[in-house]
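# Structural overview for review
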Amino acid sequence: MRILVVDDEELLADGIRRGLIAEGFSVEVAHNGIDALWHAREESYDAIILDLMMPGLNGWKVCSTLREEENWTPILMLTAKDGEWDQVEGLDTGADDYVTKPFSFAVLVARLRALIRRGAMERPVQLEAGDLRLDPATHQVWRGDTLIEMTAREFSVLEYLMRHAGQVLTKRALLEGVWDPAFDGDPNIVEVYIGHLRRKVDRPFGREAIQTLRGAGYRLAMNGG
């Protein structure tokens, strides 16, 4: 599995490189955004580990440029510990996940493997299930012509359901896909957010798109209910 590591802190980048090689990955390193874009355009990678704060071309710009060019290689961003808005903007520009500095190398590897398992998937302009529409780029959701307001986490859960429409997803699959592969909180948080979504995208419109299969998990009807 080929990984591109992008960080202007050369010692940190080299430490990540050596650790990933020990885990069996093939790794290339870039120390600035311009070189990162060149590598990502010229080579094929299973994932990119991308620092946000770099001189010249920062991580946000690298990520948004790749997505605009329809390069959907999974991106794991490295953000500041207190950089909540960095994380939000990183996800909004097309990153798939993030790890905050300083980070546990074990967590970094776990999240990286989770991204690779999901794989690079070409993002459509909008996701649709009947008259339920979701735009990953603008973080907007509609039922018919009605715009539905929702939180970032609600949006992420719905997006994951819509990307796997028709499939039965367990709580664990949703936790790993939306929260964190190492999530050790109450798994019933999934039920809470499923309830939030039903109250927003189903009940006001007389629909039952989000289905519960007892003992199995949840499924979004492909026809949008």
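Rules used in this analysis
- Residues numbered from 1 in each chain as written.
- Predicted model: local features only at pLDDT ≥ 70, side-chain atom pairs only at ≥ 80, totals over all residues.
- Heavy atoms only, no water.
- Helix = DSSP H or I, 4+ residues; strand = E, 2+ residues; numbered from the N terminus.
- Buried < 20%, exposed > 50% of the residue type's maximum accessible area, 1.4 Å probe, protein only.
- Contact = heavy atoms within 4.5 Å.
- Pairing = 2+ DSSP bridges.
- Axes fitted to C-alpha atoms, helices over the stretch in contact; angles between N-to-C directions.
- UniProt positions renumbered as here; feature names shortened; annotations may be inferred.
- Polar contact = N/O pair within 3.5 Å; in protein donor to acceptor, adjacent residues only side chain to side chain.
- Salt bridge = Lys/Arg side-chain N within 4 Å of Asp/Glu carboxyl O.

Counting its secondary structure elements, the chain contains eight helices and 11 strands. Looking at the chain as a whole, 46% of its 225 residues are labelled buried. A separation threshold of at least 6 residues defines the contact pool for the chain, and within that pool the share at least 24 residues apart is 56%.

A few words on the sheet that holds strand β3 (residues 47-51). Read from one edge of the open sheet, five strands run β2-β1-β3-β4-β5, paired in parallel fashion. Unpaired on one side and paired on the other, β2 (26-30) and β5 (97-101) mark the two borders of the sheet. Here the strands of the sheet are splayed against their neighbours by 20° on average, with no regard to which way each runs. Here five bridges tie strand β4 (residues 75-80) to β5, and the two strands are oriented parallel to one another. The partner of leucine 78 across the bridge, within β5, is valine 99. On top of the sheet, helix α1 (residues 10-22) reaches β1 (2-6), β2, β3, β4 and β5; it is set at about 170° to β2, its chief contact. Across the sheet, helix α3 (residues 59-68) lies against β3 and β4, angled at about 160° from β4, the strand it touches most.

The UniProt record annotates "modified residue: 4-aspartylphosphate" (unreviewed entry) at Asp51. Within the secondary structure, aspartate 51 sits in strand β3.

What follows concerns α3. Because an α-helix packs 3.6 residues into every turn, residues spaced three or four apart end up facing the same way. Most of α3 is tucked away, with eight of its 10 residues classed as buried. Turning to α3, its buried residues number three or more, namely Gly59, Trp60, Val62, Cys63, Ser64, Thr65, Leu66 and Arg67. Between the side-chain oxygen at the start of α3 and the backbone nitrogen of tryptophan 60 there is a gap of 3.1 Å, and the oxygen is on asparagine 58. Following α3 by one or two positions, glutamate 70 adopts a phi angle in the positive range, close to 60°.

With omega at -5°, the peptide bond leading from lysine 101 into proline 102 counts as cis. Within the secondary structure layout, proline 102 lies in the loop between β5 and α5 (105-118).

Let's shift gears to the pattern of salt bridges. In this structure the tally under the stated criterion is 18 salt bridges. For arginine 18, the salt bridge goes to aspartate 14, with nearest N and O atoms at 3.0 Å. Residue arginine 18 and its partner aspartate 14 are located together in helix α1, separated by four residues, close to a single helical turn. With a shortest N-O distance of 2.6 Å, glutamate 191 and lysine 171 are connected by a salt bridge. Residue glutamate 191 is found in helix α8 (residues 189-202), and its partner lysine 171 is found in helix α7 (residues 171-179); the two are separated by 20 residues along the sequence. Classification of glutamate 191 by relative accessible area gives partly exposed; the value is 40%. By relative accessible area, which is 25% here, lysine 171 ends up partly exposed. Each of Asp7, Glu9, Asp51 and Lys101 takes part in a single network of salt bridges with overlapping partners.

A separate point is the environment of valine 109. Examined against the element boundaries, valine 109 turns out to sit in helix α5. As for valine 109 and isoleucine 16, which are separated by 93 residues in sequence, their C-alpha atoms are 9.7 Å apart. Apart from the residues within four sequence positions on either side, valine 109 is in contact with Leu20 and Glu23.

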